[in-house]
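Fold and geometry: a report
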Amino acid sequence: MGRDEMLGRLAEAVGAVTVAHPTRVAIDGPPAAGKTTLADELAVVLRTQGRDVIRATIDDFLFPRAQRYPRGEYSAEGCYFDTHDYDALNRVLLDPLGPAGDRRFQHAAYDHTADTVLSPPITTASADAVLVFDGVFLMRPELFDRWDLRIFVSIALEKTVDRAVIRERQVSSRSDVERRWRERYIPSQELYFARDRPADRADFIVHNDDPQQPFLISAREH
């Protein structure tokens, strides 16, 4: 299908969620799979439909760098276990927007520029708002039950290396990018797939090897 058709189907699925609190949408997948692009595009479609959209990302819930690498910079286990502050994510964003929350949330807990913990102003979401949240490892046990709709962006892991080289060519050499991907990111995804089976637990899978011709599968079809 074309990209517009895929986005339309996903927006329809968001609209079909019936909860008495903001709808929390996870867009999961490997690094460089196209999660952020999809999340940004879906947010635009939802806004044109009149929805109040909160855009957030796992990259704003990292631990500071000094805490992220106790197992080494290239450790796959470290990537999975030590990188993200799930307690903060649940406390300031996912739980406040959930069924027992008061809708008073913060969209981030980490400042990339300063490499420090961040505490932005508290915002109150409308009851019919939509959180569109992208990131890796979003269907792990700490987070799984917090989502009202789960989308997994699938891609051959080898393809993510080439995409990452292009994406990061201004800041990293090809050899540096390939080392990080082959030693840390790809093995961490393989660990995640084995432990948590995200593709089996998603409501929708977007096969994104060709971004212009994505292939969308619903949970009923896989």
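This text goes with the structure placed above it.
What this report covers is the structure whose coordinates are included nearby. Just so we're clear, the structure is a prediction, and the values are computed from it rather than from any experiment.

Moving on: the side chain of Gln 106. With respect to the secondary-structure elements, Gln 106 resides in the loop between strand 3 (104–105) and strand 4 (110–111). Judged by relative accessible area, Gln 106 falls into the buried class, the value being 13%. Engagement of the side chain of Gln 106 in a polar contact is seen with the side chain of Ser 119, the distance being 3.1 Å.

All right, on to the sheet that holds strand 10 (residues 215–218) then. In spatial order, the strands read 2-7-1-8-9-10; together these six strands make up an open sheet with mixed pairing. Edge positions in the sheet fall to strand 2 (53–57) and strand 10, since each of these pairs with one other strand and no more. Neighbouring strand axes in the sheet, compared pairwise and without regard to direction, differ in orientation by 20° on average. Here strand 2 runs beside strand 7 (residues 130–135); their pairing, made up of five bridges, is parallel. Bridge pairing in strand 7 links Val 53 to Val 130. Against the sheet, helix 2 (residues 35–48) contacts strand 1 (23–28), strand 2, strand 7, strand 8 (149–154) and strand 9 (204–207), and its axis sits at roughly 170° relative to strand 2.

The subject of this paragraph is the layout of surface pockets. Put simply, the largest pocket is a space of about 790 Å³. Considering the residues around the largest pocket, the lining is formed by 34 residues, among which Pro 31, Asp 59, Arg 167, Trp 181 and Tyr 185 are closest to the centre. Broken down by secondary-structure element, the contributors of at least two residues to the lining of the largest pocket are helix 2, helix 3 (65–68), strand 7, helix 6 (157–167) and helix 7 (174–196). In terms of residue count, the dominant contributor to the lining of the largest pocket is helix 7 (four residues). For the lining of the largest pocket, the per-class residue count stands at 12 nonpolar, nine polar and 13 charged.

Glancing now at the pairing of strand 7. When you tally the buried positions in strand 7, you get six out of six residues, the bulk of the element. Here strand 7 shows two buried faces, one formed by Val 130, Val 132 and Asp 134 and the other by Leu 131, Phe 133 and Gly 135. Pairing of strand 1 with strand 7 involves six bridges; the strand directions are parallel. Bridging across to strand 7, Asp 28 finds its partner in Gly 135.

Here the focus is helix 5 (residues 86–94). Within helix 5, seven of the nine residues are buried, which leaves the element mostly enclosed by the surrounding structure. Of all the positions in helix 5, only Tyr 86, Ala 88, Leu 89, Asn 90, Val 92, Leu 93 and Leu 94 are classed as buried. Buried residues along helix 5 sit in contact with strand 1, strand 2, helix 4 (76–82), strand 3 and strand 7.

Counted under the stated rule, the structure contains nine aromatic pairs. Between Tyr 80 and Phe 81, the aromatic rings sit 4.8 Å apart at their centres with planes inclined by 85°, giving edge-to-face as the arrangement. On the basis of relative accessible area, Tyr 80 is assigned to the buried category, the value being 1%. Every member of this aromatic cluster is reached through a ring pair, and the members are Tyr 80, Phe 81, Phe 137, Phe 152, Tyr 192 and Phe 193. One cation-aromatic arrangement involves Arg 140 over Tyr 80; the distance from NZ or CZ to the ring centre is 4.0 Å. One cation-aromatic arrangement involves Arg 150 over Phe 144; the distance from NZ or CZ to the ring centre is 4.0 Å.

Procedures and definitions
- Residues numbered from 1 in each chain as written.
- Predicted model: local features only at pLDDT ≥ 70, side-chain atom pairs only at ≥ 80, totals over all residues.
- Heavy atoms only, no water.
- Helix = DSSP H or I, 4+ residues; strand = E, 2+ residues; numbered from the N terminus.
- Buried < 20%, exposed > 50% of the residue type's maximum accessible area, 1.4 Å probe, protein only.
- Polar contact = N/O pair within 3.5 Å; in protein donor to acceptor, adjacent residues only side chain to side chain.
- Pairing = 2+ DSSP bridges.
- Axes fitted to C-alpha atoms, helices over the stretch in contact; angles between N-to-C directions.
- Contact = heavy atoms within 4.5 Å.
- 1 Å grid on protein atoms, 1.4 Å probe; cavity = no way out; pocket = protein on both sides within 12 Å on 5 of 7 lines; lining within 4 Å.
- Points joined across faces, edges and corners; volume = space filled by probe spheres on them.
- Nonpolar A, V, L, I, M, F, W, Y, C, P; charged D, E, K, R; others polar.
- Phe/Tyr/Trp six-rings, centres within 6.5 Å; stacked < 30°, edge-to-face > 60°.
- Lys NZ or Arg CZ within 6 Å of the ring centre and 35° of its normal.

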